[in-house]
Amino acid sequence: MKARAPKLAVGVAALLFPLLIAEPLLAQAAPQPPPAQPDNPPAATPSQNLPDAPSTTQTESKPESKTEPSLNDLGFPTEQTQPDPKMQALLDKRTHMLKIHQRMGLITTIPLLATLFTSVNAGGKNTSNTDRNVHLILGAVTGDLYGITAYYAIRAPRVPGTQTRGPIRFHKAMAYIHVPGMVLTPILGAMAYSEKNKGEKVHGIASAHGPVAIVTAGAFGAALLSVSIKF
Amino acid sequence: MNARILIAVFSAAFVLALPPLATAADSQWVLDQSTLTYHVSHPLHQTEGVSHAARGKGVCHDGQCDFLIAVPVKSFDSGDSNRDLHMVQVTRGAQFPLVTVRTKLPESASASSTINADLDVEFAGQTAHYKQVAFQLVKEGAQIRITGTIPATLADFKIDPPSLLTMPVKNEIPIRVEILWRPQ
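Residues numbered from 1 in each chain as written. Chains lettered and ligands numbered in written order. Predicted model: local features only at pLDDT ≥ 70, side-chain atom pairs only at ≥ 80, totals over all residues.

A. Spatial organisation of the overall build of chain B. On a plain count of helices and strands, chain B comes out with two helices and 11 strands. For chain B, the succession of helices and strands along the chain, N to C, is α-β-β-β-β-α-β-β-β-β-β-β-β. Across chain B, every contact between residues at least 6 apart in sequence was considered, and the portion connecting residues at least 24 apart equals 58%. (Helix = DSSP H or I, 4+ residues; strand = E, 2+ residues; numbered from the N terminus. Contact = placed C-beta atoms within 7 Å.)

Encoded structure:
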């Protein structure tokens, strides 16, 4: 009996000793408070017209208890959770330029419509030099504003890996019509203007000035409508 | 005598080791499926963006459950890539990539057909609190389907309302939530 007691104690110790070690390890394995999000400046300055939202700057909220799940538990890939200030800056620049593109496009429609309106008196048999000059000037203004509009669209940054989907595809496709049209129309218009000034009837390729201008204006209008209203 | 002392010591150690094991969570829930839909109103456009990329987890302990749901901002698809990029820009989605929703519910709520939850929503670098948001619960076997609408607004998150043809969108951007939870 006396000999067996120490052996029994050793056996019990072998059974219970791991628990003594596991207790602190279990305490360490309990859900840790999630790390705070990387230091980022607060969001962009809000519009002064907006009322104050009931909010605080976003950081990863520390769970109030150990049972609260954390973002780490959800298993998002790192690239989906990490802030990307460079991408945000690129998006900001892109939006800024495309807003100017939108505004300039809308402004361009005014002289464009005026040019179309004055084209009625610029051609035909009985036209005065004044009517043709007005049409020419409005066309020139339209061309300049169109060029500025196109510049902001072309120079707006692209977002890598983005596949173009939706109405914007039609909007971009129309450019293949109105861009060459806006180059050809003034060239043909200059030829027609010269022939008219010589007292000649507009003939040859110069006679295409009108149809090319109409197709160009149509494509421009379709491009504008495709991003303005829902078809 | 020595053996008895040894046994007493180890027995005491055994008792002391038990409490940490007893604090494990009673039950956990995992988000199985999700459909989150935002709605934006404009005089010329009604737009919806949908995401199925939300992930969530719920931990229940002592009759109280803590839920966390998160969804990447850029996972929302409105059918127009240009609009989606503008959405990410205006919501500062590259800087704050996730929308998170936290809520606490009593464990007994799973037996109800409707619940009213207080939500803490983090979005665009801001946190907004929504009280008593109504959700419907439908049990589908062991799973629970929860549907409801979060009455979010652009002003809650200090988001400048985008505009089209000089007309801004409406401030209200309700987010319809349809999620399926399963016990883990």
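After that view of the structure, there is still more to cover.
B. Examining the overall build of chain A more closely. Counting its regular elements, chain A contains six helices and zero strands. Counting over 231 residues, chain A shows a buried share of 18%. Contacts in chain A between residues far apart in sequence, at least 24 positions, make up 73% of those at least 6 positions apart. (Buried ≥ 20, exposed ≤ 12 C-beta atoms within 10 Å, placed from the backbone.)

C. Looking closely at the packing of helix α4 (residues 129–155) of chain A against helix α5 (residues 167–197) of chain A. Residue and element names in this part refer to chain A. Remark: α4 packs on α5, axes separated minimally by 11 Å, with the N-to-C direction vectors making an angle of 160 degrees. With respect to their mutual orientation, α4 and α5 come out roughly antiparallel. The two elements α4 and α5 meet at a crossing, and its hand is left-handed. Packed against α4, whose contacting residues are Arg132, Leu136, Gly139, Gly143, Tyr146 and Ala150, the element α5 presents Val179, Met182, Pro186, Gly189, Tyr193 and Lys196 at the interface. For the contact of α4 with α5, the class distribution of residues is seven nonpolar, three polar and two charged. (Axes fitted to C-alpha atoms, helices over the stretch in contact; angles between N-to-C directions. Parallel < 35°, antiparallel > 145°, perpendicular 65-115°, else oblique. Left-handed = near helix turned anticlockwise from the far one by under 90°. Nonpolar A, V, L, I, M, F, W, Y, C, P; charged D, E, K, R; others polar.)

D. Structural view of the pairing of strand β11 (residues 175–183) of chain B. Residues and elements named next belong to chain B. Pairing of strand β1 (residues 27–41) with β11, which is carried by nine bridges, proceeds in the antiparallel orientation. Looking at the pairing, Gln33 lines up with Leu180 of β11. By the bridge criterion, seven bridges tie strand β8 (residues 143–150) to β11 in an arrangement that is antiparallel. In the strand pairing of β11, Thr149 is matched with Arg176. (Pairing = 2+ DSSP bridges.)

E. Layout of α5(A). Residue and element names in this part refer to chain A. Between its first and last C-alpha, α5 extends 44 Å over 31 residues, near the 45 Å set by a 1.5 Å rise per residue. The sharpest bend along α5 comes to roughly 30 degrees, located at Tyr176, with the proline Pro180 sitting one to four residues further on. All buried positions along α5 are accounted for by His171, His178, Met182, Thr185, Leu188, Gly189, Ala192 and Tyr193. On the buried face of α5, the contacting elements are α4 and α6 (209–226). (Expected span 1.5 Å × (residues − 1). Bend = angle between axes of the 7 residues up to and from the residue.)

F. Region of the structure containing α6(A). All names here are of chain A. The end-to-end C-alpha distance of α6, which contains 18 residues, comes to 26 Å, matching closely the 26 Å that a straight helix rising 1.5 Å per residue would cover. Listed as buried for α6 are His209, Ala213, Thr216, Ala217, Ala219 and Phe220. Seen along its axis, α6 keeps its buried residues to an arc of 160 degrees; they face one direction. Its buried side turned inward, α6 meets α3 (85–122) and α5. (Arc of directions from axis to C-beta.)

G. Geometry of the packing of α3(A) against α4(A). Residues and elements named next belong to chain A. Where α3 meets α4, the closest approach of the two axes is 8 Å, and the angle between their N-to-C directions is 160 degrees. Classified by the angle between their axes, α3 and α4 sit roughly antiparallel to one another. When you trace α3 past α4, the crossing you get is left-handed. Its residues assigned to classes, the contact of α3 with α4 shows 16 nonpolar, 11 polar and three charged.

H. Geometry of the nonpolar core. Of all hydrophobic cores here, the largest spans 44 residues; its most connected members are B:Ala54, B:Ile69, B:Ala70 and B:Val71. No other element matches the six residues that strand β4 (residues 64–72) of chain B contributes to this core. Counting five residues, the second largest nonpolar core, distinct from the first, contains A:Leu112, A:Ala213, A:Ala217 and A:Ala219. (Core = buried A, V, L, I, M, F, W, Y, C linked by C-beta atoms within 7 Å.)

I. Examining the pairing of strand β5 (residues 98–106) of chain B more closely. Residues and elements named next belong to chain B. By the bridge criterion, nine bridges tie β4 to β5 in an arrangement that is antiparallel. The residue of β5 that forms the bridge with Asp66 is Lys104. One ladder, built from four bridges, connects β5 with strand β6 (residues 114–123); its direction is antiparallel. Bridge pairing links Arg102 to Asp120 in β6.

J. Representation of the confidence of the model for chain A in the model. Residues and elements named next belong to chain A. Summarising the model, chain A shows a mean pLDDT of 79, and 69% of its residues fall at 70 or more. When mean pLDDT is taken per element in chain A, α6 scores highest with 96 and helix α1 (residues 4–29) scores lowest with 47. Throughout residues 17–59 the model reports pLDDT below 50, and contacts reaching past four residues in sequence, or to other chains, amount to 58 contacts. (pLDDT = per-residue confidence, 0-100.)

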